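The lines below spell out each chain.
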Amino acid sequence: MIELEGVPELIDPVMVAAFEGWNDAGDAASTAVAHLEREWKGEVFAALDAEDYYDFQVNRPTVFMEDGVRKITWPTTRLSVVRVGGDKPRDLVLVRGIEPSMRWRSFCNELLGFAHELGVELVVVLGALLGDTPHTRPVPVSGVTSDADLARRMDLEETKYEGPTGIVGVLQEACAHAGVPAVSLWAAVPHYVSQPPNPKATLALLNRLEDLLDVRIPQGELPEDARAWQVGVDQLAAEDSEVAEYVQTLEEARDTAELPEASGEAIAREFERYLRRRDAGPPGGHATAEGGEGGSYLRDNPGGRPRPPKPDASGGSGGAAGSGPKGEDEDGPED
């Protein structure tokens, strides 16, 4: 761990992590953590040593110019802290990086060591996978844990996934062995339109995180971006009769499966979220630490936040490089 700046004493801290790569279909999870950093002006205070965990021929460093000086950004995992304001303020330790190329157990142990040092009470890992879900319906988000007591207390599913796993599953297992409560939130991304960005899936993850932590998360322009993304996919699907027919099949299957929930708990959750946002007023939140390298890290897109590109609804099952494999949601998301 390379510590970039000291961290003040934290209030009821929760670690929220996401990693680019296999666990991040449509970049939905990593974009969610980036959104939290941007909206709450998080500054990086620590980073893992890139030499320990990354193959630079797989994840290459990038060169950029700043004030006429050439600089290099190394692929790694960085941590920032933000304070969520309100009647009961609390701190979020945000972890954003790339799935490591090697030494996964050491990687997780280092993150957990830092979580212990900061007094983290809960770890929430965000992920996204490819699934047979229509883009026209609300994005399914599953909350899973390997802790039976935590599942009961927080209304989560106990994971029963078996199969290949990524750093999200390995980190959750490491948390279980270390006695740290951990939850994974998985968004299902339509496999036929899997390339990033997917603001609709990002927004769904943030809404689920908001409910889980009972905090108000500023949405910024994500709702507008999500609507624009869906309109773009609608237009492309309408131009291809086979894709349109396939989407209709997915819609019918989804509506049949979720008819009871649509008239009950799902509507209640949305109404509660609406009331909370109406009554809470402007959201609070600010960084609690400043980092020497935070500026360059948080300016991943120097030209500002890009608008969602027009997606490619080709009808095929191929996903963007680094996205999770299609079909994991058939047995539930991984742990």
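Placed above this text is the structure.
Conventions we followed
Residues numbered from 1 in each chain as written. Predicted model: local features only at pLDDT ≥ 70, side-chain atom pairs only at ≥ 80, totals over all residues. Heavy atoms only, no water. Patch = residues over 30% accessible without salt bridge, like charges linked within 9 Å, V, L, I, M, F, W, Y side chains within 5 Å. Areas by Shrake-Rupley, 256 points an atom, 1.4 Å probe, with all protein chains shown as cover. Salt bridge = Lys/Arg side-chain N within 4 Å of Asp/Glu carboxyl O. Helix = DSSP H or I, 4+ residues; strand = E, 2+ residues; numbered from the N terminus. Buried < 20%, exposed > 50% of the residue type's maximum accessible area, 1.4 Å probe, protein only. Pairing = 2+ DSSP bridges. Axes fitted to C-alpha atoms, helices over the stretch in contact; angles between N-to-C directions. Parallel < 35°, antiparallel > 145°, perpendicular 65-115°, else oblique. Left-handed = near helix turned anticlockwise from the far one by under 90°. Contact = heavy atoms within 4.5 Å. Nonpolar A, V, L, I, M, F, W, Y, C, P; charged D, E, K, R; others polar. Polar contact = N/O pair within 3.5 Å; in protein donor to acceptor, adjacent residues only side chain to side chain.

Asks: It is not clear to me how a nonpolar patch on the surface should be interpreted in this structure. Could you clarify?
Replies: Judged by side-chain polarity, V63, I72 and W74 come together as a nonpolar surface patch covering roughly 270 Å² of accessible area. Mapped onto the elements, W74 comes out in the loop between β5 (69-73) and β6 (78-84). Residue class for W74 comes out partly exposed when judged on its relative accessible area of 37%.

Asks: What's the story with the pairing of strand β4 (residues 62-66) in this structure? I'm lost.
Replies: Residues in a regular strand point their side chains to alternate faces of the sheet. One ladder, built from five bridges, connects β4 with β5; its direction is antiparallel. Its bridge partner being in β5, V63 is matched across the sheet by I72. Counting the residues in the hairpin turn of β4 and β5 gives two residues, including D67, whose phi is positive at 55 degrees.

Asks: Looking at this model, I keep getting lost on the packing of helix α1 (residues 28-39) against helix α6 (residues 199-213). Mind explaining?
Replies: Axis angle and axis distance: for two packed helices, these are the angle between their axes and the distance between the axes, and together they describe the pair. Orientation of α1 relative to α6, taken along the N-to-C sense of each, is 60 degrees, at an axis distance of 8 Å. Relative to α6, α1 is oriented oblique. In this structure, α1 meets α6 at a crossing whose hand is right-handed. Note on element contacts: α6 touches α1 through A201, T202, L205, L206 and L209, opposite A28, A29, T31, A32, H35 and L36. For the contact of α1 with α6, the residue count by class is eight nonpolar, three polar and no charged.

Asks: What should I look at first to understand the side chain of T159 in this one?
Replies: With respect to the helices, strands and loops of the structure, T159 is situated in the loop between β10 (157-158) and α5 (167-178). For T159, the side chain forms a polar contact with the main-chain nitrogen of Y161, separated by 3.4 Å.

Asks: It is not clear to me how the pairing of β6 should be interpreted in this structure. Could you clarify?
Replies: Burial analysis of β6 places seven of its seven residues in the buried class, the great majority of the element. Both faces of β6 are covered, namely the face carrying R78, S80, V82 and V84 and the face carrying L79, V81 and R83. Pairing of β6 with strand β7 (residues 90-98), which is carried by seven bridges, proceeds in the antiparallel orientation. Counted as the bridge partner of L79 is V95 from β7.

Asks: Please explain the pattern of salt bridges as it appears in this structure.
Replies: Side-chain pairs of opposite charge can arise whenever the charged atoms involved come near each other. The tally for this structure, following the rule as stated, stands at six salt bridges. E251 is the salt-bridge partner of R137, the closest N and O atoms lying 3.8 Å from each other. Separated by 114 residues along the polypeptide, R137 in the loop between β8 (122-131) and β9 (141-145) and E251 in helix α8 (residues 241-262) bring together distant segments of the chain. The exposure class of R137 is partly exposed, given its relative accessible area of 22%. A salt bridge links D255 to R137; its shortest N-O distance comes to 2.8 Å. Placement of the pair is D255 in helix α8 and R137 in the loop between β8 and β9, with a sequence separation of 118 residues. Residues joined by salt bridges that share partners form a network here, namely R137, E251 and D255.

Asks: What am I meant to see in unusual backbone geometry here?
Replies: Negative phi is the rule for most residues except glycine; trans is the rule for most peptide bonds. Residue P197 is bonded to the preceding P196 through a cis peptide linkage, with omega at -5 degrees. One can find P197 in the loop between β11 (182-190) and α6. Even without being glycine, D27 reaches a positive phi, approximately 55 degrees. Relative to the elements of secondary structure, D27 occurs in the loop between β2 (14-20) and α1.

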